Amino acid sequence: MQAPYTESKRVKAFRLKIAKEIPKFPNNKATLQTLEVLSLGSILIHYNNWAIRYVSTRPRSILIEKAALTDQRWISLDGEISAFLEKVKTGEDITSHLSLEPHTRGYTPAPSAGNDKWADKDFLLTVMGYHHFHLGSLAQENGFAMRTNDLLFTKVSRDIFTVVAIFDHSVFEKPVSPTEAMSAERERLWNVFDEHSSRGVTPGTVYISSPITTSGHSSYLVHLAADYARVVREIDPKLDDILYVKELYKSAGVSYYKTPKLKWHLNLLDLGLLDEKSGAFFVFRYGAN
């Protein structure tokens, strides 16, 4: 019979750090406590749901879809788009062009949100995998680029930045009832998504483009959270073995010093161990972007 899992001080500190790090709405003690009592696997679901809304800083190759190039706005917005994509190519931080919401709404308890499962989620990112970026070039007092009505919708991996299309803010307007028509931009977005997600699929084949759980979380992020929790459970006990720790440094080509101070750490969706003394970060799992 397998022995029950006992949470170490390292893992508990990691779990509680995540609870503090996720922006909460309402931002009060009660909301924090709802996160603090969760298991590592459960809290990682909420963390992943929040962190996926950002894009890590690294140079990327750029691909531009036909739906973007043939849009009349591609020419009229040429200056703004070129300046933004140059940042992408050179690996500048493009967080200032993202939505403001993830900074304050990373986690919302369902009861305080009127049981709205989407209150702390980016619906289009969760369902379609698309990030959207504002094209303003002037930084506001809050450090963000000027908000623009026209947005670049993109698919972002660790190495490739795909510009999918241009939409205005009416793309976010949801029909109030099933009989109400979608805005023209929202309907066009679904058409673009359907074309994009069905590429290479044999006609007549049934496929699920973006599985979503009943909680509204992406199935991918839920499975990712379970995998991350499993890695932590398996590796953490080994950190009390000095031989394992020395081998960890050796295999990474990092100089080992006596009494390293290792702690579990997430850099957006990259999971690993951070040595607080040397700054070395040993990555066990890389995130999606």
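Refer to the structure presented above.
These numbers were taken from a predicted model, which means no experiment stands behind them. (Residues numbered from 1 in each chain as written. Predicted model: local features only at pLDDT ≥ 70, side-chain atom pairs only at ≥ 80, totals over all residues. Heavy atoms only, no water.)

Engineer: Which parts of the structure should I look at to understand the overall build of the protein?
Structural biologist: Across its full length, the protein holds ten helices and seven strands. Referenced to the eigenvectors of the C-alpha coordinate spread, the extents of the protein come out at roughly 60 × 50 × 40 Å. The proportion of buried residues among the 289 residues of the protein is 42%. Surface accessibility of the protein: about 15,700 Å² in total, with carbon and sulfur atoms responsible for 56%. Placing the 35 positive and 33 negative side-chain charges of the protein at their respective mean positions leaves the two points 9 Å apart. (Helix = DSSP H or I, 4+ residues; strand = E, 2+ residues; numbered from the N terminus. Buried < 20%, exposed > 50% of the residue type's maximum accessible area, 1.4 Å probe, protein only. Areas by Shrake-Rupley, 256 points an atom, 1.4 Å probe, with all protein chains shown as cover. Lys, Arg positive; Asp, Glu negative; His and termini not counted. Charge placed at Lys NZ, Arg CZ, Asp CG, Glu CD.)

Engineer: How should the environment of Val231 be read in this particular structure?
Structural biologist: Mapping Val231 onto the fold places it in helix H9 (residues 219-235). Each residue touching Val231, except ones within four places of it in the same chain, is listed here: Trp264, Leu271, Phe284 and Arg285. (Contact = heavy atoms within 4.5 Å.)

Engineer: Mind showing me how you'd approach the packing of helix H3 (residues 40-51) against H9 here?
Structural biologist: Helix-helix packing: each pair is described by the crossing angle between the helix axes and the interaxial distance. One can describe the packing of H3 onto H9 by two numbers: an axis separation of 8 Å at closest approach and a directional angle of 130°. Comparing the axis directions of H3 and H9 gives the class oblique. When the axes of H3 and H9 are compared, the crossing they make is right-handed. Two secondary-structure elements touch here, H3 through Leu40, Gly41, Leu44, Ile45, Asn48 and Asn49 and H9 through Leu221, Val222, Leu224, Ala225, Tyr228, Ala229 and Val232. Split into classes, the residues belonging to the contact of H3 with H9 amount to ten nonpolar, three polar and no charged. (Axes fitted to C-alpha atoms, helices over the stretch in contact; angles between N-to-C directions. Parallel < 35°, antiparallel > 145°, perpendicular 65-115°, else oblique. Left-handed = near helix turned anticlockwise from the far one by under 90°. Nonpolar A, V, L, I, M, F, W, Y, C, P; charged D, E, K, R; others polar.)

Engineer: Would you mind going over the sheet that holds strand S5 (residues 262-267) with me for this structure?
Structural biologist: Think of a sheet as strands paired side by side through backbone hydrogen bonds, with each pair either parallel or antiparallel. Spatial ordering of the open sheet is given by S5-S6-S7, a layout of three strands whose pairing is antiparallel. On the outer flanks of this sheet lie S5 and strand S7 (281-285), each paired with one strand and no other. Across this sheet, the average inter-strand angle for adjacent strands is 30°, counted without regard to direction. Note that strand S6 (residues 270-275) and S7 share four bridges and pair antiparallel. (Pairing = 2+ DSSP bridges.)

Engineer: Sorry, what's going on with helix H8 (residues 184-197) here?
Structural biologist: What sets the pattern is the α-helix's 3.6 residues per turn: residues three or four places apart point alike. Here H8 contains 14 residues, and its C-alpha end-to-end distance of 20 Å stays within 8% of the 20 Å for a straight helix at 1.5 Å per residue. Inspection of H8 places Glu185, Arg186, Leu189, Val192 and Phe193 among the buried residues, and these make up the whole buried set. Along the axis of H8, the buried positions cluster into a sector of 120°, meaning they face one direction only. Elements that come into contact with the buried residues of H8 comprise helix H4 (66-69), helix H5 (73-76), helix H7 (123-128), strand S3 (150-156) and strand S4 (160-168). (Expected span 1.5 Å × (residues − 1). Arc of directions from axis to C-beta.)

Engineer: What's the story with the nonpolar core in this structure? I'm lost.
Structural biologist: One broad rule of soluble globular proteins: the nonpolar side chains tend to lie buried together. Membership of the largest hydrophobic core comes to 55 residues, with the highest contact counts inside it found for Ile18, Leu40, Phe84, Phe161 and Trp264. Examining the composition of this core, we find that eight residues originate from one element, H9, more than from any other. Discounting residues that sit within four places of it in the chain, Leu40 has contacts with Val11, Phe14, Arg15, Ile18, Ala229 and Val232. Within the second largest apolar cluster, 13 residues are counted, among which are Val127, Met128, Tyr130 and Phe167. (Core = buried A, V, L, I, M, F, W, Y, C linked by side-chain atoms within 4.5 Å.)

Engineer: Which parts of the structure should I look at to understand the sheet that holds strand S1 (residues 61-64)?
Structural biologist: One open sheet accounts for four strands, arranged S1-S4-S3-S2; its pairing is mixed. The open sheet terminates on both sides in strands that have one partner only, identified here as S1 and strand S2 (131-134). Within this sheet the neighbouring strands show an average axis-to-axis angle of 35°, counted without direction. Sheet analysis places S2 next to S3, joined by four bridges and oriented antiparallel. Paired with His132 across the bridge in S3 is Phe153. Contacts from helix H6 (residues 78-90) reach S1, S2, S3 and S4 within the one sheet, and its direction differs from that of S4 by about 155°. H8 rests against S3 and S4 of the sheet, and its axis sits at about 150° to S4.

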